[in-house]
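Chain by chain, the residues:
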Amino acid sequence: MKKLIYIKSFLIGLGMCFFISSCVDFDEELYSTVTADNFFKTDEEFISALGQAYSSLGGLGNHSGLWSINELASDELVISTKGGDWFDGGVLLQLHQHEFLPDNPFFQNSWNFLYGGINTCNRLIFTFQNSDNPNSETFIAELRALRALYYYWAMDAFGNIPIVTDFAITDAPATKSRVEAYEFILSELNEIIPLLPDAKDGTTYGRMTKWSALMIRMKLYLNAETYTGTAQWALAAKDAEEIINTGPYSLMPTYSDNFIINNSNSKENIFVYPYDKVFSGGFNWVMMTLHIASQSTFNLTQQPWNGYQTVEEFYNSYVDPVKNPGVQGPVWKGLALQPSTGTIDGRLGNFLVGPQKRSDGAPLEDPGVEPTDPTGQNGDPNGEPITFMPFLNEIWPQGLRQAGARIGKYEFEVGGTNNMSNDFVVFRLSDAILSLAEAKFRLGETTQALALVNQIRGRAGNLDPFTTLTNENLLAERGREMFVEMTRRQDLIRFKKYGEAWWPFEGMKRPKKVHSAGSFLELFPIPQPQLLANPKLQQNPGYN
């Protein structure tokens, strides 16, 4: 029901109304041009137009954009080159090995996604400002909040960015420093938060509210030392406490309920993008991570691409695997995954591991599996039966086709298409709780911080509570809770772990991690096509 309500609210803005006869009143006056003079009169007309700005978020859940550059540059995910598959000119290796180049198309895609959304917000703000509707300022505040989200992502990824707020200006914008961008976003949020709605209901679902804007500001303060050189832990804690103590949100009893196919009833999700396989496609994780043969597991209408895999060391942060004694080399048994403490983390549902089955229960097989040699050192030890192993043998050129735990965080639909209908979670209450814990930990309020972290661990399942809190177990707990929610790169930078090595096994071809905290690689390069198109932009240091 939620999907229908959301789509109906935004039909005009998305241009779909023309295909549904019930939307049309043939007695109404028709206009050749939609302007503030002849259209933006009622709240319904404003809400319809807002859909144009929100539809830009549809690029979050697909391959080669903002989500991909953040996740692949972290220690969470990798796409190994599997023979002739997934080399793609080396752009994926660049991302994971921190060998960023300005001409990498993933950076250009991310820039276009961000500034496409900003441009749409600016255009609608310009149009709304000419309306005499008494509620126009509320809708403009909503657009400014959404624009602040785009700018926050852009500043976090690229640092020094152009700031454009006037749609009528045609001159090419110059680069603003990261500090200037931070201050602009913060000032915008400070002005509009009091103007935004604070309700959590069908009218605000998938839209910017006071609470989602507070999440952005909390994130700014949480990372202020990275962005500006000055820590703002107390201000981050203040915003987090307001969200937790006065917001209309609560933790769901079960972690996975936030990511089921129909997750619109989550009491925990603060801001989402409502995907729908029919009306609002683009959420492609089912294609991006599953093995080609997994089509038969879920009776999918298309074959998956066998791409995204979890870095083994990150998977191991949930559970201590047991080596397979029957095979030489660091290869893991399919389902022999034994917790080291006798406790089980319910968030292991974030992954698909072990033997895979067809929908009828028969073993799923891969005729193209890499054969083992007589030494047992090379090839896939499981043979044709598909077994997703946490183990990754190498990043290139012969990554095993079945290697790597696969992303299972969002429920996959049996009989689904290449587009998923789960709503994509941007902000959750548990992030606010862990952010408050971190802020208090940095401020020396360790008892309160420990209780907050254990609240999250308690919901995760049969886990022993922490008795002490350290930088290491706090970062690890954030990782386990926030897996693939586009926070890990930011967290690693904030905890000064971004340049450290991962993939711990000796003798394997491992990503290069040789830079220290504060390296220029903590920012992505300004895309080369943008520099060529706008000479006023300045490349980030280190990429010239």
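Residues numbered from 1 in each chain as written. Predicted model: local features only at pLDDT ≥ 70, side-chain atom pairs only at ≥ 80, totals over all residues. Heavy atoms only, no water.

1. Examining the nonpolar core
Counting residues in each nonpolar core, the largest one holds 148 residues, and the members touching the most others are Leu57, Trp67, Trp153, Ile161, Trp285 and Phe424. Broken down by element, this core gets its largest block of residues, 16 residues, from helix H6 (residues 136-158). Those residues in contact with tryptophan 67 that sit more than four places away from it in its chain are Leu60, Leu77, Trp285, Met288, Tyr308, Ile407, Phe424, Val484 and Met486. (Core = buried A, V, L, I, M, F, W, Y, C linked by side-chain atoms within 4.5 Å. Buried < 20%, exposed > 50% of the residue type's maximum accessible area, 1.4 Å probe, protein only. Helix = DSSP H or I, 4+ residues; strand = E, 2+ residues; numbered from the N terminus. Contact = heavy atoms within 4.5 Å.)

2. A few points about the side chain of glutamine 309
On the secondary structure map, glutamine 309 appears in strand S5 (residues 309-310). A polar atom in the side chain of glutamine 309 sits 2.9 Å from the backbone nitrogen of serine 80. Here glutamine 309 is in contact with Glu76, Leu77, Val78, Ile79, Ser80, Lys82, Leu392, Leu400, Ala403, Gly404, Ala405 and Arg406, once residues within four sequence places are set aside. (Polar contact = N/O pair within 3.5 Å; in protein donor to acceptor, adjacent residues only side chain to side chain.)

3. Let's talk about the packing of H6 against helix H8 (residues 210-222)
One can describe the packing of H6 onto H8 by two numbers: an axis separation of 10 Å at closest approach and a directional angle of 25 degrees. Between H6 and H8, the angle is such that the two are roughly parallel. Handedness of the H6/H8 crossing: left-handed. Contact with H6, carried on its side by Ala145, Ala148, Leu149, Tyr152 and Met155, involves Ile216, Lys219 and Leu220 of H8 and no other residues of that element. In the contact of H6 with H8, the residues fall into 7 nonpolar, no polar and 1 charged. (Axes fitted to C-alpha atoms, helices over the stretch in contact; angles between N-to-C directions. Parallel < 35°, antiparallel > 145°, perpendicular 65-115°, else oblique. Left-handed = near helix turned anticlockwise from the far one by under 90°. Nonpolar A, V, L, I, M, F, W, Y, C, P; charged D, E, K, R; others polar.)

4. Some words on the pattern of salt bridges
Within the structure shown, the criterion is met by 31 salt bridges. For glutamate 268, the salt bridge is made with arginine 428, and the minimal N-O distance between the two is 2.8 Å. Of this pair, glutamate 268 sits in the loop between helix H10 (233-246) and strand S4 (269-273) while arginine 428 sits in strand S11 (residues 424-428); the two residues are 160 residues apart in sequence, bridging distant segments of the chain. In this structure glutamate 268 comes out as buried when scored by relative accessible area, which is 0%. Its salt-bridge partner being arginine 442, residue glutamate 438 comes within 3.0 Å of it at the nearest N-O pair. Of this pair, glutamate 438 and arginine 442 are both found in helix H14 (residues 429-442), 4 residues apart, which corresponds to roughly one turn of the helix. (Salt bridge = Lys/Arg side-chain N within 4 Å of Asp/Glu carboxyl O.)

Geometric descriptors of this kind do not, in isolation, establish any biological role.
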